[in-house]
Amino acid sequence: MKIAVGCDHAGFDLKPTIVDYLKEKQIEVLDEGTFSRESTDYPLYAQKVAQDVVEKKADLGILICGTGIGISIAANKVPGIRAAACSDPYSAQMSRAHNHTNILAFGSRVVGPELAKMIVDAWLRAKPQGGRHERRLALVARIEHGETLG
Ligand code: RB5
């Protein structure tokens, strides 16, 4: 499995913890930056990681900014991306099981390193569930393609 990881300056200090944690689990990491604490713009890294996922250069993506919110909003603008900002393991697990998230986001100003690792674990352990969830995600995809539902 390969995971693309990206962050802005706010997520920079937390990124190595996550990269190392993934590597400990024998997961290959594609590090898309940022590579310094210099102020930068989270959409740049959201787009890189999102494109890695839709172009299948990575299986999944993880994004870190101050809150996880801006960077997940930006990633969700790339068609085919389902990104969720999660601050707890339960949300992370359910985002994968019910919403088939292909990008997990969190905020370095919201969660500490140990909680971040628990969130990553819960997300990676969860299995996307089919059935009604597939149906709902198919509706989401139709919105993405500009259709008006019902
Ligand atoms: C940067 O200060 C901060 O706004 C950014 O990391 C993120 O939290 C935005 O959603």
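Residues numbered from 1 in each chain as written. Predicted model: local features only at pLDDT ≥ 70, side-chain atom pairs only at ≥ 80, totals over all residues. Heavy atoms only, no water.

Some words on the site of the ligand
So, point 1. Inspection of the region around the ligand gives Asp 8, His 9, Ala 10, Tyr 42, Cys 65, Gly 66, Thr 67, Gly 70 and Arg 109 as its neighbouring residues.
So, point 2. Contact between the ligand and Thr 67: an oxygen atom at 3.0 Å from a main-chain N or O atom of the residue.
So, point 3. Residue Arg 109 places a side-chain N or O atom 3.2 Å away from an oxygen atom belonging to the ligand.
So, point 4. Protein coverage of the free-state accessible area of the ligand, which is 290 Å², stands at 72%. (Near = heavy atom within 4 Å. Polar contact = N/O pair within 3.5 Å; in protein donor to acceptor, adjacent residues only side chain to side chain. Areas by Shrake-Rupley, 256 points an atom, 1.4 Å probe, with all protein chains shown as cover.)

Points about the environment of Lys 117
So, point 1. Within the secondary structure, Lys 117 is located in helix α5 (residues 113–125).
So, point 2. With residues near it in sequence (within four places) discarded, Lys 117 still touches Thr 17, Ile 18 and Tyr 21. (Helix = DSSP H or I, 4+ residues; strand = E, 2+ residues; numbered from the N terminus. Contact = heavy atoms within 4.5 Å.)

Things to note about the side chain of Thr 34
So, point 1. Relative to the helices and strands, Thr 34 resides in the loop between β2 (28–31) and α2 (42–54).
So, point 2. Residue Thr 34 is classed as buried on the basis of its relative accessible area of 8%.
So, point 3. Excluding residues that lie within four positions of it along the chain, Thr 34 makes contacts with Cys 7, Asp 8, His 9, Phe 12, Lys 15, Thr 40 and Tyr 45. (Buried < 20%, exposed > 50% of the residue type's maximum accessible area, 1.4 Å probe, protein only.)

Things to note about the packing of helix α1 (residues 15–24) against α5
So, point 1. Here α1 crosses α5 at 45°, and the two axes come no closer than 10 Å. By the angle class used here, α1 and α5 are oblique. Considering how the two elements wind past one another, α1 and α5 form a crossing that is right-handed. On the side of α1, the interface is formed by Thr 17, Ile 18, Tyr 21 and Leu 22, while α5 contributes Pro 113, Ala 116, Lys 117, Val 120, Asp 121 and Leu 124.
So, point 2. For the contact of α1 with α5, the class distribution of residues is seven nonpolar, one polar and two charged. (Axes fitted to C-alpha atoms, helices over the stretch in contact; angles between N-to-C directions. Parallel < 35°, antiparallel > 145°, perpendicular 65-115°, else oblique. Left-handed = near helix turned anticlockwise from the far one by under 90°. Nonpolar A, V, L, I, M, F, W, Y, C, P; charged D, E, K, R; others polar.)

Notes on the nonpolar core
So, point 1. Counting residues in each nonpolar core, the largest one holds 24 residues, and the members touching the most others are Ile 18, Leu 22, Ile 62, Leu 104, Phe 106 and Val 120.
So, point 2. Put simply, the parts of the chain that give this core at least two residues each are β1 (2–7), α1, β3 (60–65), β5 (103–107) and α5.
So, point 3. Grouped together as the second largest cluster of nonpolar side chains are 16 residues, Cys 65, Ala 75, Ile 81 and Ala 83 included. (Core = buried A, V, L, I, M, F, W, Y, C linked by side-chain atoms within 4.5 Å.)

Describing helix α6 (residues 132–144)
So, point 1. Here α6 spans 19 Å end to end across 13 residues, near enough to the 18 Å set by a 1.5 Å rise per residue.
So, point 2. Looking one or two residues beyond α6, the residue adopting positive phi is Gly 146, at roughly 85°. (Expected span 1.5 Å × (residues − 1).)

Observations concerning a nonpolar patch on the surface
So, point 1. Together, Leu 139, Ile 143 and Leu 149 give the surface a local cluster of nonpolar side chains, amounting to about 230 Å² of exposed area.
So, point 2. Here Leu 139 shows up in helix α6.
So, point 3. A relative accessible area of 33% means that Leu 139 is categorised as partly exposed. (Patch = residues over 30% accessible without salt bridge, like charges linked within 9 Å, V, L, I, M, F, W, Y side chains within 5 Å. Salt bridge = Lys/Arg side-chain N within 4 Å of Asp/Glu carboxyl O.)

Re the sheet that holds β3
Sheet strands line up and pair through hydrogen bonds in the backbone, either parallel or antiparallel.
So, point 1. Taken in spatial order, the five strands line up as β2-β1-β3-β5-β4 in an open sheet, and their pairing is parallel. Single-partner strands in this sheet number two, and they are β2 and β4 (83–85). Within this sheet the neighbouring strands show an average axis-to-axis angle of 20°, counted without direction.
So, point 2. When β3 meets β5, the two strands line up parallel, connected through five bridges. (Pairing = 2+ DSSP bridges.)

A word on the pattern of salt bridges
So, point 1. Applying the stated criterion across every chain yields a total of seven salt bridges.
So, point 2. In this structure, the salt-bridge partner of Glu 114 is Lys 117, at a minimum N-O distance of 3.3 Å. Of this pair, Glu 114 and Lys 117 both sit in helix α5, three residues apart, roughly one helical turn.
So, point 3. What makes Glu 114 exposed here is its relative accessible area of 53%.

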